[in-house]
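Residue-level structural notes
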Amino acid sequence: MFTIGLTGGIGCGKSTVSAYIASCGYEIIDADAMSRRLTSEPGPVLDEIRAAFGPSVFDPEGRLDRRRMATLVFHDPVKKSVLEEIVTRRVKEAITGIIAARAGERGLLFLDVPLLYEYGTEHLCDAVWVVTSPERLRIARARQRDGATVAEVRARIRNQMPQKEKAKLADDVIRNNGSLEHLYAQTARLIEKYARLTEEAEKSPETE
């Protein structure tokens, strides 16, 4: 199984690309969905969060108050790293387990991880695709989606690895600076390219 990491900063359109890939029939491991699931179900993750941050980040029903937690860690690198250690470690362990279970299979497997490089998850991938977009478009999308102010979105962008750095590290770049059709066409070409490469590799005598 050939594993492709898909990443991109806030408002870049990564989720749109991910949805298109899924519509083409490919399996996608969604790191954000894993994280939400881990922090929604009673268990060791919520227990560790409560022990580290106290009851103030939980609502009266005992559910994690995500907005309050985000506000708490956003401007505090120490608290942010504590939360990441609790949640990210388990997400990476889960992803590693899925990849290991698919080791003998053929084809493409995608990892949708917004902070792929920030969390060191690129080492689990055979290749990385990064989605980029002009900042003005990223701000407009994030404001429409989250109801955030321009200042809030810009602060979140600055809190992530610059997309120019991600583009230099990635194997391929999908530029979301035009129409939806253009975005899909770029993605389709990459899917075709990697599907062909993996098929050729699987037919190679070295793999037999």
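Preceding block: the structure.
Keep in mind that this is a model prediction, so the values were computed, not measured.

Scanning the protein for helices and strands turns up nine helices and five strands. The secondary structure elements of the protein, listed N-terminal to C-terminal, are β-α-β-α-α-α-α-β-β-α-α-α-β-α. Residues counted as buried form 37% of the 208 residues belonging to the protein. The contacts of the protein with a sequence gap of at least 6 include a subset with a gap of at least 24, amounting to 71%. Placing the 31 positive and 31 negative side-chain charges of the protein at their respective mean positions leaves the two points 7 Å apart.

Attention now moves to the environment of Leu108. Structurally, the position occupied by Leu108 is in strand β3 (residues 108-112). Sequence separation between Leu108 and Asp146 is 38 residues, and the spatial gap between their C-alpha atoms is 32 Å. Those residues in contact with Leu108, other than ones at most four positions away along the chain, are Met1, Phe2, Ile4, Tyr26, Ile191, Tyr194, Ala195 and Thr198.

Secondary-structure assignment places Thr7 in strand β1 (residues 2-7). Overall, Thr7 belongs to the buried group, its relative accessible area being 0%. Looking at Thr7, its side chain comes within polar contact range of the main-chain oxygen of Val113, at 2.8 Å. Setting aside residues no more than four positions away along its own chain, Thr7 makes contact with Lys14, Val113, Pro114, Leu115, Leu116, Tyr117, Val128, Trp129, Val130, Val131 and Lys166.

In this section: the side chain of Thr3. Within the secondary structure, Thr3 is located in strand β1. If near-sequence neighbours (up to four positions away) are discounted, Thr3 is found in contact with Ile99, Leu109, Leu111, Leu124, Cys125, Asp126 and Ala127.

The full count for this structure, using the stated rule, is zero disulfides. There is no disulfide at Cys12, and the cysteine sulfur nearest it, in Cys125, is 15 Å away. Relative accessible area serves as the criterion here: at 1%, Cys12 is assigned to the buried category.

Residues Ile49, Phe53, Met69 and Ile95 are the most contacted members of the largest nonpolar core, which totals 27 residues. Counting only elements with at least two residues in this core, the list comes to α2 (31-38), α3 (44-53), α4 (66-74), α5 (77-101), β3 and β4 (127-132). In terms of residue count, the dominant contributor to this core is α5 (six residues). Setting aside anything within four residues of it in sequence, one finds Phe53 in contact with Met69, Leu72, Val73, Lys79, Val82, Leu83 and Ile86.

Okay, the sheet that holds strand β2 (residues 27-30) next. The strand order across the open sheet built from five strands is β2-β3-β1-β4-β5, with neighbouring strands paired in parallel fashion. Lying at the two open borders of the sheet, with one neighbouring strand each, are β2 and β5 (172-175). On average, each strand axis in the sheet is tilted by 25° relative to the strand beside it, whichever way the strands run. Where β1 and β3 come together, five bridges link them in parallel fashion. The residue bridging Leu6 from the neighbouring strand is Asp112, located in β3. Most of the contacts of helix α9 (residues 180-203) go to β5, to which it runs at about 160°, and overall it touches β1, β3, β4 and β5.

Rules used throughout
Residues numbered from 1 in each chain as written. Predicted model: local features only at pLDDT ≥ 70, side-chain atom pairs only at ≥ 80, totals over all residues. Heavy atoms only, no water. Helix = DSSP H or I, 4+ residues; strand = E, 2+ residues; numbered from the N terminus. Buried < 20%, exposed > 50% of the residue type's maximum accessible area, 1.4 Å probe, protein only. Contact = heavy atoms within 4.5 Å. Lys, Arg positive; Asp, Glu negative; His and termini not counted. Charge placed at Lys NZ, Arg CZ, Asp CG, Glu CD. Polar contact = N/O pair within 3.5 Å; in protein donor to acceptor, adjacent residues only side chain to side chain. Disulfide = S-S within 2.5 Å. Core = buried A, V, L, I, M, F, W, Y, C linked by side-chain atoms within 4.5 Å. Pairing = 2+ DSSP bridges. Axes fitted to C-alpha atoms, helices over the stretch in contact; angles between N-to-C directions.

In short, shape yes, function no, at least from these values alone.
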